[in-house]
Amino acid sequence: MELQKVLDELHQQGLQQIAAADSLTTLNEIRIKFLGKKGSLTQALRQMGSLSEQERPQIGALANNVRNDLQQALDQAKQDLENKAVQQQLQAEKIDVTLPGKPRRMGTKHVINQVMDDIEELFIGLGYEVINGPEVEEDHYNFEMMNLPKDHPARDMQDTFYITSEILMRTQTSPVQARTMEKHDFSKGPLKMISPGKVYRRDTDDLTHSHQFNQIEGLVIDKHITMGDLKGTLELTARHIFGQEREIRLRPSYFPFTEPSVEVDVSCFACGGKGCAVCKHTGWVEVLGAGMVHPNVLTNAGVDPKVYGGFAFGLGPDRFAMLKYGINDIRDFYLNDVRFLEQFQGE
């Protein structure tokens with residue numbers, strides 16, 4: 001039968017071309033050529049109408065066998081080509097483990113973070129808690145709780161970035177102290193805390209000023225706390241940071257949230273107190289502010305000032321780092337110059 005001969009030829013041609021295909025694209029073209037809607041097998045089967053009733057079942061079964069054989073051959077060839085492609089990719093991407101590795105440059109902790117961690121470890125050893133708080137703060141906690149009502153002139157020294165009339169970027173970490181005092185249960189013991197973090201003020205950036213800097217404030221509230229406790233704590237801090245031979249002195253000052261208030265100087269670590277450019281030939285370097293907690297601050301937080309008292313201090317890790325390492329431009333901390341930062345490898 002002529003149609004049987006055509007099917008046999010299509011069968012042989014299809015298998016040969018499938019076996020010779022070297023890409024998935026070629027394989028797809030062969031599939032369309034033989035098994036597509038307009039393919040050779042479909043065209044051949046259109047001649048079924050000219051066959052007798054006795055020939056049709058025989059030719060139909062043969063056509064199905066041809067289709068199944070070609071489809072199986074196509075599937076197997078596709079699988080083989082895909083496997084081959086994977087093997088070629090693996091071979092191309094093979095890593096030679098005998099080659100020397102590429103060294104990676106290791107970074108180091110930022111010098112300010114080193115100083116802050118050092119101070120935190122000191123106070124943790126003294127039994128203090130390290131408490132953090134929000135940088136976006138309420139005016140109530142940032143100023144009013146710290147004895148700075150809305151018309152207080154000292155607010156001008158801490159002009160900051162307001163988001164609304166009552167929400168601002170904090171100018172100090174003191175609001176963390178206010179929030180903690182409100183929650184602290186003094187029947188279970190005293191409050192000893194430091195509050196490190198970033199603060200923000202509308203300041204003109206120059207060698208010693210930045211609109212964003214770091215601060216660590218300390219607070220102790222208990223019965224029978226004296227100025228002597230404050231001086232001993234500050235002396236220990238100065239000697240830990242600047243050397244055991246350092247001395248401190250307290251000068252009267254004014255802060256709205258402490259009374260009495262003091263400025264704290266440390267004997268010059270560059271000249272030993274003899275006088276040099278670092279200490280402006282005075283033998284002393286100003287390092288922080290402190291004082292005894294103002295009764296109004298205690299009252300605002302719900303603490304009875306007739307029973308409890310305490311001291312507070314605030315220091316700038318940025319300034320401490322500048323003094324300790326002889327850095328004369330605070331902006332160097334924030335420019336991300338690796339040559340500068342690599343000088344401070346830490347421990």
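For the structure itself, consult the block above.
So, here is what we can say about the structure in this document. (Residues numbered from 1 in each chain as written. Predicted model: local features only at pLDDT ≥ 70, side-chain atom pairs only at ≥ 80, totals over all residues. Heavy atoms only, no water.)

As for the overall build of the protein
Across its full length, the protein carries 11 helices and nine strands. In terms of overall size, the protein is more extended than a compact globule, its C-alpha atoms giving a radius of gyration of 41 Å where 347 residues would be expected to give roughly 20 Å. In terms of overall dimensions, the protein has a C-alpha envelope of 120 × 50 × 40 Å along the principal axes. In the protein, which comprises 347 residues, the proportion classed as buried is 41%. Of the contacts made within the protein by residues no fewer than 6 positions apart, 66% connect residues no fewer than 24 positions apart. When the accessible area of the protein is evaluated, it comes to approximately 20,100 Å², of which 50% is carbon and sulfur surface. Mean positive and mean negative side-chain charge positions of the protein (38 and 49 charges, respectively) differ by 3 Å. (Helix = DSSP H or I, 4+ residues; strand = E, 2+ residues; numbered from the N terminus. Rg over C-alpha atoms; globule rule 2.2 N^0.38 Å. Buried < 20%, exposed > 50% of the residue type's maximum accessible area, 1.4 Å probe, protein only. Contact = heavy atoms within 4.5 Å. Areas by Shrake-Rupley, 256 points an atom, 1.4 Å probe, with all protein chains shown as cover. Lys, Arg positive; Asp, Glu negative; His and termini not counted. Charge placed at Lys NZ, Arg CZ, Asp CG, Glu CD.)

A short note on the packing of helix H2 (residues 24-35) against helix H4 (residues 55-92)
The N-to-C vectors of H2 and H4 enclose an angle of 170°; their axes lie 10 Å apart at closest approach. In terms of axis orientation, H2 runs roughly antiparallel to H4. Packed against H2, whose contacting residues are Leu24, Leu27, Ile30, Arg31, Phe34 and Leu35, the element H4 presents Arg67, Leu70, Gln71, Leu74, Ala77, Lys78, Leu81 and Glu82 at the interface. For the contact of H2 with H4, the per-class residue count stands at nine nonpolar, one polar and four charged. (Axes fitted to C-alpha atoms, helices over the stretch in contact; angles between N-to-C directions. Parallel < 35°, antiparallel > 145°, perpendicular 65-115°, else oblique. Nonpolar A, V, L, I, M, F, W, Y, C, P; charged D, E, K, R; others polar.)

Topic: the nonpolar core
If you look at the biggest cluster of nonpolar residues, it comprises 43 residues, and the most contacted ones within it are Val287, Leu288, Phe313, Phe320 and Phe333. Secondary-structure elements contributing two or more residues to this core are helix H5 (111-125), strand S5 (212-222), helix H8 (227-242), strand S7 (258-267), strand S8 (284-293), strand S9 (309-315), helix H10 (317-325) and helix H11 (338-341). For Val287, the contacting residues outside a window of four places in its chain are Phe242, Val264, Val266, Arg319, Phe320 and Leu323. Counting residues in each nonpolar core, the second largest holds 21 residues, with Ala178, Ile221, Leu298 and Ala301 among its members. (Core = buried A, V, L, I, M, F, W, Y, C linked by side-chain atoms within 4.5 Å.)

Observations concerning the packing of aromatic side chains
For any pair of aromatic rings, the description consists of the separation of the ring centres together with the inter-plane angle of the planes. Tallied over the full model, the rule gives 10 aromatic pairs. Measuring from ring centre to ring centre gives 5.2 Å for Phe340 and Phe344, while their planes differ by 65°; the resulting arrangement is edge-to-face. Summarising the burial analysis for this pair, Phe340 and Phe344 share the class buried. The structure contains a cluster of three or more aromatic residues connected by ring pairs, namely Tyr325, Phe333, Tyr334, Phe340 and Phe344. Lying across the ring of Tyr141, Arg179 places its NZ or CZ 4.0 Å from the centre. (Phe/Tyr/Trp six-rings, centres within 6.5 Å; stacked < 30°, edge-to-face > 60°. Lys NZ or Arg CZ within 6 Å of the ring centre and 35° of its normal.)

Here's the deal with empty space enclosed by the protein
This structure, assessed with the given rule, holds three cavities of 30 Å³ or more. For the largest cavity, the full set of lining residues is Met146, Ser174, Gln177, Glu217, Leu219, Phe257, Thr258, Val293, Val297 and Ala312. Among the secondary structure elements, those contributing two or more residues to the lining of the largest cavity are helix H7 (174-183) and S5. Per-class residue counts for the lining of the largest cavity are six nonpolar, three polar and one charged. What the second largest cavity holds in volume is close to 40 Å³. (1 Å grid on protein atoms, 1.4 Å probe; cavity = no way out; pocket = protein on both sides within 12 Å on 5 of 7 lines; lining within 4 Å. Points joined across faces, edges and corners; volume = space filled by probe spheres on them.)

Points about helix H1 (residues 2-20)
Between its first and last C-alpha atoms H1 spans 27 Å; for 19 residues at 1.5 Å apiece the expected length is 27 Å, and the two agree. For H1, the set of buried residues is Leu3, Leu7, Leu10, His11, Gly14 and Ile18. Buried positions in H1, seen along its axis, are confined to an arc of 105° and lie on one side of it. In H1, the exposed residues that point more than 90 degrees away from the buried face are Glu2, Gln16, Ala19 and Ala20. (Expected span 1.5 Å × (residues − 1). Arc of directions from axis to C-beta.)

A few points about the pairing of strand S6 (residues 248-255)
Sheet analysis places S6 next to S7, joined by seven bridges and oriented antiparallel. Bridge assignment links Phe255 to a residue of S7, and that residue is Thr258. Linkage of S6 to S7, two consecutive antiparallel strands, is achieved through a turn of two residues. (Pairing = 2+ DSSP bridges.)

Things to note about the sheet that holds S6
Think of a sheet as strands paired side by side through backbone hydrogen bonds, with each pair either parallel or antiparallel. As summarised here, the arrangement of the seven strands in space is S1-S4-S5-S9-S8-S7-S6, forming an open sheet in which the pairing is mixed. For this open sheet the edge positions go to strand S1 (129-130) and S6, each flanked by a neighbour on one side alone. Lying over the sheet, H5 contacts S1, strand S4 (191-200), S5 and S9, oriented at roughly 165° with respect to S4. Across the sheet, H8 lies against S6, S7, S8 and S9, angled at about 25° from S9, the strand it touches most.

Quick look at the side chain of Glu263
As for its position among the elements, Glu263 is in strand S7. Within the buried core, Glu263 has no salt-bridge partner, and the shortest N-O distance to an opposite charge, that of Arg251, equals 4.9 Å. Of note is the side chain of Glu263, whose polar atom sits 3.4 Å from the side chain of Ser253. Non-local contacts of Glu263, meaning those with residues more than four positions away in its chain, are made with Arg249, Leu250, Arg251, Ser253, Phe255, Glu286, Leu288 and Gly289. (Salt bridge = Lys/Arg side-chain N within 4 Å of Asp/Glu carboxyl O. Polar contact = N/O pair within 3.5 Å; in protein donor to acceptor, adjacent residues only side chain to side chain.)

Some remarks on H8
With 16 residues, H8 ought to run about 22 Å at 1.5 Å a step, and its terminal C-alpha atoms sit 22 Å apart, in line with that. Here the buried face of H8 lies against H5, S6, S7, S8, S9 and H10. Where H8 starts, the residue carrying a side-chain oxygen 3.2 Å from the main-chain nitrogen of Gly228 turns out to be Thr226.

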